[in-house]
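Residues per chain, in single letters:
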Amino acid sequence: MKPPCLALVSLITAPALAQEWRIETFTIPGTSVVVPHDISDAGVIVGTFRDTAAHYHGFTRDAAGTVVTVDEPSSTNSILHGINQVGVVLGSRRPGTPAGFRYQNGTTTLYSIPGLSTAAGSGLNDAGLMVGGYTDSQARDHGFFWPGSGGATTLDYPGAQHSVLVDVDDAGRMIGNYWVFGSGRWRGFAYDRSAFTTLDMPGAHWTYLMGMNSSGWLVGQRVDTSGALRSAIYYDGSAFHDFVVPGATGWTDLQGINAFGEMAGSWQGTHLGVSGQHAFLARPCQPDLGHATPGGARLTVCGQWLRAGGTADLEISGAPAGAAVWVGVGRSSNPVPIFGGAWVPLPVDLVLPLRADAGGDVVLPGLRGGGGPLDLYVQAVVQDAAAPAGFTVTNAVRVQVER
């Protein structure tokens, strides 16, 4: 049962921390190594995969899941590093003399930065400002930014022997990583065109940043002192958080995040019988408040942050086949006991009568964001002949609508 699209109103101010994430692992046939490096606001993921001959190829994957292989024609190995919001992709080629290229609308074009002929960019904003890194003759790494013409500017974290820039937003704010001899660790930093700020996850030996979005959220990887534990992390503008990928048995990372909270990364382990490094897309879910009848159906609202242009899907799973379902929406939370759980949205401003399909599922796709800030409380009553009262309630969800 798939009812028509519903415009729920829009929610948000600054996206509150999502309580959980919906993770989708995706594959490219014939490979056991797929690594996303960035994701655009349109949901286009760019990255690299390794073929059976151990050659690397770039790829793009659009929001519908269509994958396109991208190779720089003069090379046997290509890697895609980043994408901006107008669809320009940055890549680099190997072997031979390292070189960077741009890719757009099916065409690859090599570029050369004056004075830094072997440098390649990793991040690019919509104005064409590129950031990246290069290695000098003394094997030291340096960050750089380049507007696309003229010379580039080297940018090193003060006092560091190794620095690299990895991403830049449309305001020109940059993130990167640095290493000081004797420290034995990489540390993340932000640069706002006037000052540097070190960004370390508490308790981590290394904090290595890999991507950012326009809301100041960052993604990357933390490493313990042994170097064996390398796990995905994200920063929500005020604090770092671990990101857990169920089923991962090795490294995990997050490498890109877009303006709607969608994140792309990779995990090591076995998926569909294939052992390797697998790609995933993580979408934020609205906070689950609980209060369900024990053993009852579950309600989720997952997809994108519900700011202008964002959408999410409301889904109910675990209902009896064909059951009548009533979804209630309110602007206040006033839990009262009912059907072995508690009803949260009171007063109720909107009731949607629906029916579960043969699998016990209800889907309301494409709830649209924008028009906030506003919090809505959503919950459902489910007809269930096996329940003592003949009905159950799902968990409640707080839907955070942004501007």
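Further up the page is the structure itself.
Summarised in this report is the structure supplied together with it. (Residues numbered from 1 in each chain as written. Predicted model: local features only at pLDDT ≥ 70, side-chain atom pairs only at ≥ 80, totals over all residues. Heavy atoms only, no water.)

Comments concerning the overall build of the protein
Next, step 1: What the protein contains, in helices and strands, is 0 helices and 35 strands.
Next, step 2: Here the C-alpha radius of gyration of the protein, 23 Å, is about what a compact globule of 403 residues would show, namely 22 Å.
Next, step 3: With the C-alpha coordinates of the protein rotated into their principal frame, the extents come out at 75 × 45 × 40 Å.
Next, step 4: Residues classed as buried in the protein amount to 52% of the 403 residues present. (Helix = DSSP H or I, 4+ residues; strand = E, 2+ residues; numbered from the N terminus. Rg over C-alpha atoms; globule rule 2.2 N^0.38 Å. Buried < 20%, exposed > 50% of the residue type's maximum accessible area, 1.4 Å probe, protein only.)

Notes on the state of the cysteines
Two cysteines form a disulfide when their sulfur atoms are joined by a covalent bond.
Next, step 1: Scanning all chains against the criterion turns up 1 disulfide.
Next, step 2: The disulfide bridge from C285 ends at C302, spanning 2.0 Å between sulfur atoms. Taking the torsion about the sulfur-sulfur bond, which here is approximately 105°, the covalent link between C285 and C302 counts as right-handed. Of this pair, C285 sits in strand β24 (residues 274-285) while C302 is found in strand β26 (residues 298-303), placing the two residues 17 residues apart along the sequence. Accessibility assignment for this pair places C285 and C302 in one class, buried. (Disulfide = S-S within 2.5 Å.)

Comments concerning unusual backbone geometry
Next, step 1: Of note, the amide linkage connecting L346 to P347 takes the cis form, showing an omega dihedral of -5°.
Next, step 2: Mapped onto the fold, P347 is located in the loop between β30 (341-345) and β31 (350-355).
Next, step 3: Here the bond from G372 into P373 is cis, since omega is 10°, no more than 30 degrees from zero.
Next, step 4: With respect to the element layout, P373 can be found in the loop between β32 (362-368) and β33 (374-383).
Next, step 5: A positive phi is found at N105, a non-glycine position, where the angle reads about 55°.
Next, step 6: Take N105: it is sitting in the loop between β8 (99-104) and β9 (107-111).
Next, step 7: The exposure class assigned to N105 is exposed, which follows from its relative accessible area of 74%.
Next, step 8: Positive phi is not limited to glycine here, since F339 has a value of about 50°.

Looking at the pattern of salt bridges
Next, step 1: Counted under the stated rule, the structure contains 14 salt bridges.
Next, step 2: Among the salt bridges present, the one from R298 reaches E20, with a minimum N-O distance of 2.9 Å. Pair noted here: R298 is in strand β26 and E20 is in strand β1 (residues 20-26), with a separation of 278 residues, a long-range link.
Next, step 3: Residue E20 is classed as partly exposed on the basis of its relative accessible area of 27%.
Next, step 4: A salt bridge links D169 to R173, with the nearest nitrogen and oxygen atoms 2.7 Å apart.
Next, step 5: Here D169 falls in the buried class, since its relative accessible area comes to 7%. (Salt bridge = Lys/Arg side-chain N within 4 Å of Asp/Glu carboxyl O.)

Points about a nonpolar patch on the surface
Next, step 1: Judged by side-chain polarity, W326, V348 and V351 come together as a nonpolar surface patch covering roughly 230 Å² of accessible area.
Next, step 2: Mapped onto the elements, V348 comes out in the loop between β30 and β31. (Patch = residues over 30% accessible without salt bridge, like charges linked within 9 Å, V, L, I, M, F, W, Y side chains within 5 Å. Areas by Shrake-Rupley, 256 points an atom, 1.4 Å probe, with all protein chains shown as cover.)

So, the pairing of strand β4 (residues 56-61)
A regular strand places its side chains on the two faces of the sheet in alternate fashion.
Next, step 1: Buried residues dominate β4, accounting for 5 of its 6 residues.
Next, step 2: Two strands pair when backbone bridges link them, and strand β3 (residues 45-50) and β4 are joined in this way by 6 bridges, in the antiparallel orientation. Note on β4: the bridge partner recorded for T48 is G58.
Next, step 3: Counting the residues between successive antiparallel strands, the hairpin from β3 to β4 contains 5 residues, one of them, A54, with a positive phi of roughly 65°.
Next, step 4: Of the pairings in the sheet, the one linking β4 to strand β5 (residues 67-70) comprises 4 bridges and is antiparallel in character. Paired with F59 across the bridge in β5 is T69.
Next, step 5: If you look at the hairpin formed by β4 and β5, you'll find 5 residues sitting between the two strands, and G65 has a positive phi there, around 95°. (Pairing = 2+ DSSP bridges.)

Some remarks on the sheet that holds strand β21 (residues 240-242)
Next, step 1: Taken together, 4 strands build an open sheet; the order of strands is β18-β19-β20-β21 and the sheet is antiparallel. The two strands at the open ends of the sheet, each matched to only one other strand, are β18 (206-212) and β21. For this sheet the average axis-to-axis angle between neighbouring strands, irrespective of direction, equals 30°. (Axes fitted to C-alpha atoms, helices over the stretch in contact; angles between N-to-C directions.)

Let's talk about the packing of aromatic side chains
Next, step 1: Taken as a whole, this structure holds 19 aromatic pairs when the rule is applied.
Next, step 2: Between the aromatic rings of Y235 and F240, the centroid separation amounts to 4.8 Å while the plane-to-plane angle is 50°, which identifies the pairing as tilted.
Next, step 3: Classification of F240 as buried rests on a relative accessible area of 14%.
Next, step 4: A cation over an aromatic ring shows up here: R61 above the ring of F26, its NZ or CZ 4.2 Å from the ring centre.
Next, step 5: Here the guanidinium or amino end of R193 rests over the ring plane of F145, the centre of that ring lying 4.9 Å away. (Phe/Tyr/Trp six-rings, centres within 6.5 Å; stacked < 30°, edge-to-face > 60°. Lys NZ or Arg CZ within 6 Å of the ring centre and 35° of its normal.)

Examining the environment of G188
Next, step 1: Its place among the elements puts G188 in strand β16 (residues 186-191).
Next, step 2: Considered as a pair, G188 and I175 are 13 residues apart in the sequence and their alpha carbons are 7.4 Å apart.
Next, step 3: Those residues in contact with G188, other than ones at most four positions away along the chain, are G176, N177, Y178, T197, T198, L199, D200, T207 and L209. (Contact = heavy atoms within 4.5 Å.)

As for the pairing of β26
Next, step 1: Of all the 6 residues making up β26, 5 are buried; the element is thus mostly covered by neighbouring parts of the structure.
Next, step 2: One ladder, built from 6 bridges, connects β26 with strand β27 (residues 311-317); its direction is antiparallel. Bridge pairing links R298 to S317 in β27.

Some details on the nonpolar core
Next, step 1: Counting 25 residues, the largest nonpolar core has L299, V301, L314, I316, V327 and V399 as its most contacted members.
Next, step 2: Counting only elements with at least two residues in this core, the list comes to β26, β27, β28 (324-330), β31, β32, β33 and β35 (396-401).
Next, step 3: For this core, the leading source of residues is β33, giving 4 residues.
Next, step 4: In contact with L314, not counting residues within four places along its chain, are L299, T300, V301, V327, V362, V363, L364, L367 and V378.
Next, step 5: The next biggest cluster of nonpolar side chains, apart from the first, holds 14 residues, and it includes W217, A232, L254 and M263. (Core = buried A, V, L, I, M, F, W, Y, C linked by side-chain atoms within 4.5 Å.)

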